[in-house]
Amino acid sequence: MTDDQRSGCPINLTLEVVGDKWSLLIIRDMMFGNRRHFRELLTKSEEGISSNILADRLKTLLDAGIITREDDPSHKQKGIYSLTEQGIELLPVLAQMAAWGYKYLPVSEELGIRARLLSEGGPKMWAEFMDELRETHLGQVRRRKGPTVGERLQAAYESVVNRT
């Protein structure tokens, strides 16, 4: 424990890294929206994060080892953000938070469909989705059978959007 940490409690230490109102939303957008560039994270979020807050939170997540940043080979001034294993393993936390929100809060149908499906799919679906994230963010190769979890979640979202 360092002097700037309030305690050695694992919940406290986790909240010190991702407990602000933006960090988990950035991770959510990287996981579920495959947003990997600063501009995508800035402009495609429902919540409207400001550029200075986004830059600060990305630095915090980088320093904590939850994400990495590499130069984009297609554009020298751009970076590509990727989740690390630590970041990917936050998926069950986000799935549980989403399930709780879906159950108890006035969630919109289009933004709640993924929460419902992840809740119904449970740990088996989360593990499959984490393997997909490892492929996307860490370059790990996996065998595919049928549509991915990400594709199924996106199709369900689009179905609701098209219906409403």
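Residues numbered from 1 in each chain as written. Predicted model: local features only at pLDDT ≥ 70, side-chain atom pairs only at ≥ 80, totals over all residues. Heavy atoms only, no water.

**Student:** Let's hear about the pattern of salt bridges: which residues, and what values?
**Tutor:** As enumerated under the stated definition, the model contains twelve salt bridges in all. We note a salt bridge from Arg28 to Asp29, for which the minimum N-O separation is 2.9 Å. For Arg28, a relative accessible area of 23% puts it in the partly exposed group. Assessed through its relative accessible area of 5%, Asp29 is described here as buried. Across the salt bridge formed by Asp131 and Arg134, the nearest N and O atoms sit 2.9 Å from each other. Taken together, the residues Asp131 and Arg134, both in helix 7 (residues 109-138) and three residues apart, mark about one turn of the helix. Exposure remark for Asp131: the relative accessible area of 38% places this residue in the partly exposed category. Salt bridges linked by common partners bring Arg28, Asp29, Arg35 and Glu47 together as one network. (Salt bridge = Lys/Arg side-chain N within 4 Å of Asp/Glu carboxyl O. Buried < 20%, exposed > 50% of the residue type's maximum accessible area, 1.4 Å probe, protein only. Helix = DSSP H or I, 4+ residues; strand = E, 2+ residues; numbered from the N terminus.)

**Student:** Which residues make up helix 4 (residues 51-63), and what values do they have?
**Tutor:** In a regular helix each residue adds 1.5 Å, so 13 residues correspond to 18 Å; helix 4 covers 18 Å between its end C-alpha atoms and thus fits that length. Turning to helix 4, its buried residues are Leu54, Arg57, Leu58 and Leu61. For helix 4, the buried positions fall inside an angular range of 105 degrees around the axis, keeping them on one side. Along helix 4, the residues that are exposed and aim more than 90 degrees away from the buried face are Asn52 and Asp63. The elements touched by buried residues of helix 4 are helix 1 (10-18), helix 2 (23-32), helix 3 (38-43), strand 1 (67-72) and strand 2 (75-83). Gly65, located one to two residues past helix 4, shows a positive phi value of around 80 degrees. (Expected span 1.5 Å × (residues − 1). Arc of directions from axis to C-beta. Contact = heavy atoms within 4.5 Å.)

**Student:** Give me the lowdown on the environment of Val160, citing residues and values where you can.
**Tutor:** Considering the arrangement of structural elements, one finds Val160 in helix 8 (residues 149-163). The class for Val160 is buried, based on a relative accessible area of 3%. Aside from chain neighbours lying at most four places away, what touches Val160 is Glu109, Glu110 and Ile113.

**Student:** With reference to specific residues and values, describe the packing of aromatic side chains.
**Tutor:** As enumerated under the stated definition, the model contains two aromatic pairs in all. Aromatic side chains Phe32 and Phe129 sit 5.4 Å apart centroid to centroid with 35 degrees between the ring planes, which places their arrangement in the tilted category. On the criterion of sequence distance, the pair formed by Phe32 in helix 2 and Phe129 in helix 7 is long-range, its members being 97 residues apart. Here Trp100 and Tyr104 contribute two aromatic rings whose centre-to-centre distance is 5.4 Å and whose plane-to-plane angle is 45 degrees, an arrangement assigned as tilted. Note that Trp100 and Tyr104 are positioned in helix 6 (residues 91-104) at a spacing of four residues, about one turn of the helix. Both residues of the pair, Trp100 and Tyr104, belong to the exposed class. The lysine or arginine in question, Arg114, covers the ring of Tyr157, its NZ or CZ lying 4.5 Å from the ring centre. (Phe/Tyr/Trp six-rings, centres within 6.5 Å; stacked < 30°, edge-to-face > 60°. Lys NZ or Arg CZ within 6 Å of the ring centre and 35° of its normal.)

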